Structure formats: C-alpha cells, structure tokens
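# Observations on the three-dimensional arrangement
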Amino acid sequence: MKKLVVRNRFANDLIFNKGLFIKFNLRQLLFNLIINFLSGKNQGKFSFAHFSSQIIKPENIILKGQSKGSFSSFVLSGGCYIQGGNGITIGDNVIFAPRVSIVSANHGDDKGKSWINDSSKAVIIGDNCWLGVGCTLLPGSRIPNGCTVGAGAVVNKAFTEENMLIIGVPARAIKKNKE
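These numbers come from a predicted model, not from an experiment.

### A word on the overall build of the protein chain
The number of helices and strands found in the protein chain is four helices and 14 strands. With 179 residues in all, the protein chain has 41% of them scored as buried. Entry remark: accessible area of the protein chain is about 10,100 Å², with carbon and sulfur atoms responsible for 57%.

Pasting the structure below:
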C-alpha cells in the first residue's frame, strides 16, 4: 500500500506532506467536532479544535501554511486558551503542546469595555516553531521562525533572532537551536 501511495504524486502529497491520518486519526477529529457541536461551543472555523480547548475571536486568527503540524496541534492539544482579540498569526508547521495560552488583547480599565483594541499587540508565531506545555504568549509577543518555547515560559515581548530556545518567566532567549 505504501509503495502505491508513494508512486501517486497526489496521494503522496496528501498523506505524507499534508499529514492526513499521520498525526491523528479521523476518530479524534470527528469526536472533537461532535463534542464542540453538542456543547454549543462557537469556535468558528476552528470547530475541529480539541474539545477541551477554548478559542475566542476565531475570526482574528490566521493559520498559515498547509503542512500537518499546526492543524494537528489544534486537534490533539487539549486545554489550550487562544484569544484572538487583536489578532494571532500562526505560521506553517507550528506544533504546540497541551495547555498553551495565546492572549492577544488585554482588558480595559472601564467595566464596559471588554478589550483594548491595538493591532500592534497582535501575536505572531513564525514557521516551524514548537510551543511547550503550559507556555503563555502575551499581547505583542513575536516568536521568529524555528524557535522553541520551553514549558511554562511566559513570553511578553517580541524576539527577533531565529532558531532560538526561549525559556523562563519572563521569557528570554538562551541558546541557538540546532538546525
């Protein structure tokens, strides 16, 4: 079967490059869709996300690329909180672990205003990044291409150097990743 798929250019691209049935099985995807529907969650275009994750303002979240990493992370990583108030851009092949929090807007001072709208505070995650368990990205965070954010890190600023290991509270880049 594998030889047949490898020879067929379309099937090879669909299964191996796009990750169809590689990182998760169809049963997990359907389960998430059904539970999200039955529980009344309105996660918009991210209705396939893990049933224990919460996605707020999905219309302000941009999922770039076509590879398997980012999509699989939404399906499999539970307990994530992703709030797209000021916008979130997630690059190609970004993998995130459970309980990741991505917050792009702060609350206002007055009780009537829910968020401070400031597009300069959008969160941007580059291509081929890895977000560890329980890390938090706050408004204005920028993670360049190829970076790894360690478990429990709190990112509150924009990083510029690519392929770095980012850890700590508050987060700091400590060393270059192996390419």
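### Some thoughts on the environment of glycine 79
By secondary structure assignment, the location of glycine 79 is in the loop between helix H4 (68-76) and strand E3 (81-83). Once you skip the residues sitting within four places of it in the chain, glycine 79 turns out to touch Ser52, Ser53 and Arg99.

### Comments concerning the sheet that holds strand E9 (residues 136-137)
By definition, the strands of a sheet pair up through backbone hydrogen bonds, in either a parallel or an antiparallel sense. Taken in spatial order, the five strands of this open sheet run E1-E3-E6-E9-E12, and their pairing is parallel. Because the sheet does not close on itself, it has two edges, and the strands there are strand E1 (54-56) and strand E12 (154-155).

### Topic: the environment of tryptophan 130
Tracing the chain through its elements places tryptophan 130 in strand E8 (residues 130-131). Residues tryptophan 130 and asparagine 145 lie 15 residues apart in sequence; the distance between their C-alpha atoms is 9.8 Å. When sequence neighbours within four positions are dropped, the list of residues in contact with tryptophan 130 reads Ile95, Cys147, Thr148 and Val149.

### Digging into the side chain of serine 141
Mapped onto the elements of the fold, serine 141 is located in the loop between E9 and strand E10 (142-143). Under the relative-accessibility criterion, serine 141 is labelled buried at 0%. A distance of 2.5 Å separates a polar atom in the side chain of serine 141 from the backbone oxygen of leucine 138. Look past the residues within four positions of serine 141 in its chain and what remains in contact with it is Ala122, Val123, Ile124, Val155, Asn156 and Lys157.

### Describing the pattern of salt bridges
Enumeration over the complete set of coordinates arrives at one salt bridge. Of the charged contacts in the structure, one is a salt bridge between glutamate 59 and lysine 57, with a shortest N-O distance of 3.5 Å.

Conventions we followed
Residues numbered from 1 in each chain as written. Predicted model: local features only at pLDDT ≥ 70, side-chain atom pairs only at ≥ 80, totals over all residues. Heavy atoms only, no water. Helix = DSSP H or I, 4+ residues; strand = E, 2+ residues; numbered from the N terminus. Buried < 20%, exposed > 50% of the residue type's maximum accessible area, 1.4 Å probe, protein only. Areas by Shrake-Rupley, 256 points an atom, 1.4 Å probe, with all protein chains shown as cover. Contact = heavy atoms within 4.5 Å. Pairing = 2+ DSSP bridges. Polar contact = N/O pair within 3.5 Å; in protein donor to acceptor, adjacent residues only side chain to side chain. Salt bridge = Lys/Arg side-chain N within 4 Å of Asp/Glu carboxyl O.

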